[in-house]
Amino acid sequence: MNRLPKYCSQCRGVLLFQNYEGRQRPICSECGRVVYLNPVPSVAAILTKDGSVLLVKRNIEPGLGRWGLPGGFIEAGESPKDAAIREVFEETGLHCQPLEVLDACSVLKGYYGDLIVLCYTAEIIDGTLSAGDDADTVEFFEFENLPRLAFRNHVQFLEKFIGRKIIPASYAKTDSK
Ligand SMILES: [Zn+2]
């Protein structure tokens, strides 16, 4: 998926990449507007229960049919914490309280272009486990018995969380970002 804009949102003129302020940036050929491209902010969450971690089996691309941490894009007007709470509830049916940011990473040139992913640790408050948006199945997995994960950054978040390499490298081999 190519997220680069082709047309000016102000005047619909064609955008052309030109050097401006030390970088190639899209500039409108009609009105001269400079378009600044930024990574899209998103969140992921690590929720655990009895030493197992909650994963969702994705029913959409990227990572269709594979497992990942619950999460998604931060909406306009929403804090990262609120996005984590909302995404976890939408995908898993659980209400959670984000505790702290475990890590942050960039995904470059991925399915949705460039992303910033904030990974929260979160505590489950209540709710009934049920697969919702973007998820086929939701399930807790022991760290010693994780399925193949869709995204390399989720592998890295989980490894940081438990402080050791737990997943064979082959799990991340077909990373689709
Ligand atoms: Zn324009």
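All of the points below concern the structure found in this document. (Residues numbered from 1 in each chain as written. Predicted model: local features only at pLDDT ≥ 70, side-chain atom pairs only at ≥ 80, totals over all residues. Heavy atoms only, no water.)

## Describing the overall build of the protein chain
Move 1: Within the protein chain, the secondary structure is distributed over 2 helices and 9 strands.
Move 2: Its helices and strands in sequence order give the protein chain the pattern β-β-β-β-β-β-α-β-β-β-α, from N to C terminus.
Move 3: Each of the 177 residues in the protein chain was classed as buried or not, and the buried ones make up 42%.
Move 4: Across the protein chain, the fraction of contacts at a sequence separation of at least 24, relative to all contacts at a separation of at least 6, is 58%. (Helix = DSSP H or I, 4+ residues; strand = E, 2+ residues; numbered from the N terminus. Buried < 20%, exposed > 50% of the residue type's maximum accessible area, 1.4 Å probe, protein only. Contact = heavy atoms within 4.5 Å.)

## What about the environment of phenylalanine 141?
Move 1: If you trace the backbone, phenylalanine 141 turns up in strand E9 (residues 135-142).
Move 2: With near-sequence residues (within four places) excluded, phenylalanine 141 lies in contact with Ser52, Val53, Leu55, Trp67, Leu146 and Pro147.

## Considerations on unusual backbone geometry
Move 1: Residues glutamate 61 and proline 62 are joined by a peptide bond in cis, for which omega reads -5°.
Move 2: Relative to the helices and strands, proline 62 is located in the loop between strand E4 (52-58) and strand E5 (67-68).
Move 3: Residues other than glycine seldom take positive phi values, yet glutamate 21 does so here, at roughly 55°.
Move 4: With respect to the helices and strands, glutamate 21 occurs in the loop between strand E1 (15-20) and strand E2 (23-28).
Move 5: A relative accessible area of 52% places glutamate 21 in the exposed class.
Move 6: One non-glycine residue, aspartate 50, lies in positive phi territory at about 50°.
Move 7: Relative to the helices and strands, aspartate 50 is located in the loop between strand E3 (40-49) and E4.

## Comments concerning the coordination of the zinc ion
Move 1: Bound to the zinc ion on the protein side are Cys8 (SG), Cys11 (SG), Cys28 (SG) and Cys31 (SG), at distances that span 2.3 to 2.4 Å.
Move 2: Around the zinc ion sit 4 donor atoms; with metal-centred angles ranging over 97 to 119°, the donor geometry is tetrahedral.
Move 3: For the zinc ion, the single-chain donor residues occur in sequence as C-x2-C-x16-C-x2-C.
Move 4: The exposure class assigned to cysteine 8 is buried, which follows from its relative accessible area of 3%. (Donors = N, O, S within 2.8 Å, 3.2 Å for Na, K, Ca; no water. Tetrahedral: all angles 85-135°; square planar, octahedral: opposite > 155°, others 65-115°.)

## Overview of the packing of aromatic side chains
Move 1: For the structure on display, the rule yields 4 aromatic pairs.
Move 2: Arranged with centres 4.8 Å apart and planes meeting at 75°, the rings of tryptophan 67 and phenylalanine 141 form a pair that is edge-to-face. Pair noted here: tryptophan 67 is in strand E5 and phenylalanine 141 is in strand E9, with a separation of 74 residues, a long-range link. For the residue pair tryptophan 67 and phenylalanine 141, the accessibility class agrees, reading buried in each case.
Move 3: Three or more aromatic residues joined by ring pairs make a cluster, and in this case those are Phe73, Tyr111 and Tyr112. (Phe/Tyr/Trp six-rings, centres within 6.5 Å; stacked < 30°, edge-to-face > 60°.)

## So, a nonpolar patch on the surface
Move 1: Residues Leu4, Phe17 and Leu37 make up a contiguous nonpolar surface patch of roughly 270 Å² in combined accessible area.
Move 2: You can see leucine 37 is positioned in the loop between E2 and E3.
Move 3: With a relative accessible area of 43%, leucine 37 lands in the partly exposed category. (Patch = residues over 30% accessible without salt bridge, like charges linked within 9 Å, V, L, I, M, F, W, Y side chains within 5 Å. Areas by Shrake-Rupley, 256 points an atom, 1.4 Å probe, with all protein chains shown as cover. Salt bridge = Lys/Arg side-chain N within 4 Å of Asp/Glu carboxyl O.)

## Section: helix H2 (residues 152-162)
Helical geometry: 3.6 residues make up each α-helical turn, so side chains three or four residues apart lie on a common side.
Move 1: Considered for burial, the residues of H2 that qualify are Asn153, His154, Val155, Phe157, Leu158 and Glu159.
Move 2: The inward-facing, buried residues of H2 contact E3, E4, E5, strand E7 (94-110) and strand E8 (113-127).
Move 3: The positive-phi residue at the C-terminal boundary of H2 is glycine 163, with phi of around 75°.

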